[in-house]
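An overview of the molecular structure
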Amino acid sequence: MPAPSKNYTLIADSSVDSDSPLDVTLLTAIRDNLIHLEEWLGDSHTAAKNHQHNGTDSARVNDSDITKTGGVLLFDDFLLDSIVGWGTVNGGTITFQTADNGIIRCQRNAVSGWCGIGQTYKPFRLSSNEITFEARLRIGSGSAAPNNAECGVFESLTIPNNNSVKFLRDTSTGNYDAICQSAGVSTTVDTGVLMSSTAFQKLKIVGTTSQVKFYIDDVLKTTITTNIPTVNLGVSTQVNSDGASNKYIDIDYVLCTMGARL
């Protein structure tokens, strides 16, 4: 934006008291100040006509210059029978279970591959501000229990993922593993809790950059202090068919919060 053609003149009190004449100097200053303000705000008094907040005609705002208050909250209990804002991960079908109000089922119909829901937007990051992830899930199939299912916060919705904090069913034990993964290097701990294919289980993760706690049904199972990712993360819950069709994951609700905005 070009500089205004007229300078702004500060008019002294002595020029506007009751005994001061309306001389040329005072009237010129008043006129020039109006022109200055008009050109600054926008030509012909059209606000911001020549002033665009695009980093070229105005100063660019850096993230470090912004004061961020409040936190970030994601919550969906699927009571409205809608997955607005969620993306379908990889393949399969998303259906609502009429027998269970507010339950969605992610089902992989093919004999291989993943299916689930996830957020491509990544508003969460493990930092000095604590984040909490929580989901209530039931995982199973029309035949045998699925070999793989996972939920938590992820850098990417693709499999495998290089940065994540999650629960993952161990294919050898059937238990939930607690995992922190940073740049492809993982710390994995067996929680000792068998994944149920019939009952809902509440999975909860609470963490910062120094430690991540993993809870199942509100009982602390393990704490991990290594390979904690520091990149931006989004929420996802997925199931893998692993050689058999009709594997599914039922989701009652998903919650994720962070104490401060990024």
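This write-up is about the structure you can find in this document. (Residues numbered from 1 in each chain as written. Predicted model: local features only at pLDDT ≥ 70, side-chain atom pairs only at ≥ 80, totals over all residues. Heavy atoms only, no water.)

With that settled, consider the pattern of salt bridges. Pairs can form between side chains of opposite charge whenever their charged atoms are close. Scanning all chains against the criterion turns up seven salt bridges. The partner of aspartate 218 in a salt bridge is lysine 202, and the shortest N-O contact between them spans 2.8 Å. A residue pair is termed long-range when its members are at least 10 positions apart, and aspartate 218 in the loop between β12 (212-216) and β13 (219-224) and lysine 202 in strand β11 (residues 201-207) qualify at 16 residues. Connected through shared salt-bridge partners, Arg105, Arg138 and Asp250 make up one network. (Salt bridge = Lys/Arg side-chain N within 4 Å of Asp/Glu carboxyl O. Helix = DSSP H or I, 4+ residues; strand = E, 2+ residues; numbered from the N terminus.)

Right, let's get into the packing of aromatic side chains. Overall, the coordinates contain four aromatic pairs when judged by the stated rule. Measuring from centroid to centroid gives 6.3 Å for phenylalanine 75 and tyrosine 253, while their planes differ by 45°, and the two rings are tilted. Remark: tyrosine 253 occurs in strand β15 (residues 247-258) and phenylalanine 75 occurs in strand β1 (residues 72-76); sequence separation between them is 178 residues. Residue classification places tyrosine 253 among the buried residues on the basis of a relative accessible area of 15%. With a centroid separation of 5.4 Å and 90° between ring planes, the pair formed by phenylalanine 167 and phenylalanine 214 is classed as edge-to-face. You can see phenylalanine 167 sitting in strand β8 (residues 164-169) and its partner phenylalanine 214 sitting in strand β12, a full 47 residues away along the chain. Judged by its relative accessible area of 0%, phenylalanine 214 falls in the buried class. (Phe/Tyr/Trp six-rings, centres within 6.5 Å; stacked < 30°, edge-to-face > 60°. Buried < 20%, exposed > 50% of the residue type's maximum accessible area, 1.4 Å probe, protein only.)

Quick look at the environment of glycine 259 now. Looking at where glycine 259 falls in the secondary structure, it is placed in the segment after β15. Dropping the residues within four chain positions of it, glycine 259 is found in contact with Gly70, Gly71, Asn129 and Glu130. (Contact = heavy atoms within 4.5 Å.)

Of all eight residues in strand β9 (residues 175-182), seven are buried; the element is thus mostly enclosed. Bridge analysis of β8 against β9 gives six bridges, and the strand direction is antiparallel. Looking at β9, one finds that lysine 166 is bridged to isoleucine 179. Between β8 and the antiparallel strand that follows it, β9, lie five residues; glycine 174 among them carries a positive phi value of about 80°. The turn linking β9 back onto strand β10 (residues 185-194) is made up of two residues, and alanine 183 within it adopts a positive phi angle of 55°. (Pairing = 2+ DSSP bridges.)

For the rest of this paragraph, the subject is unusual backbone geometry. The phi dihedral of aspartate 217 falls on the positive side, at around 50°, and the residue is not glycine. Summarising the element assignment, aspartate 217 is placed in the loop between β12 and β13. Exposure remark for aspartate 217: the relative accessible area of 42% places this residue in the partly exposed category. The phi dihedral of aspartate 218 falls on the positive side, at around 70°, and the residue is not glycine.

All right, on to the sheet that holds strand β5 (residues 114-118) then. The antiparallel open sheet is built from seven strands, whose spatial order is β2-β5-β14-β7-β8-β9-β10. Two strands close off the open sheet at either side, each with one partner strand: β2 (87-90) and β10. Going from strand to strand, the sheet's axes swing by 20° on average, the running direction of each strand aside. Bridge count for β9 against β10 is seven bridges, and the pairing is antiparallel. Note that in β10 the partner of aspartate 177 across the bridge is aspartate 190. (Axes fitted to C-alpha atoms, helices over the stretch in contact; angles between N-to-C directions.)

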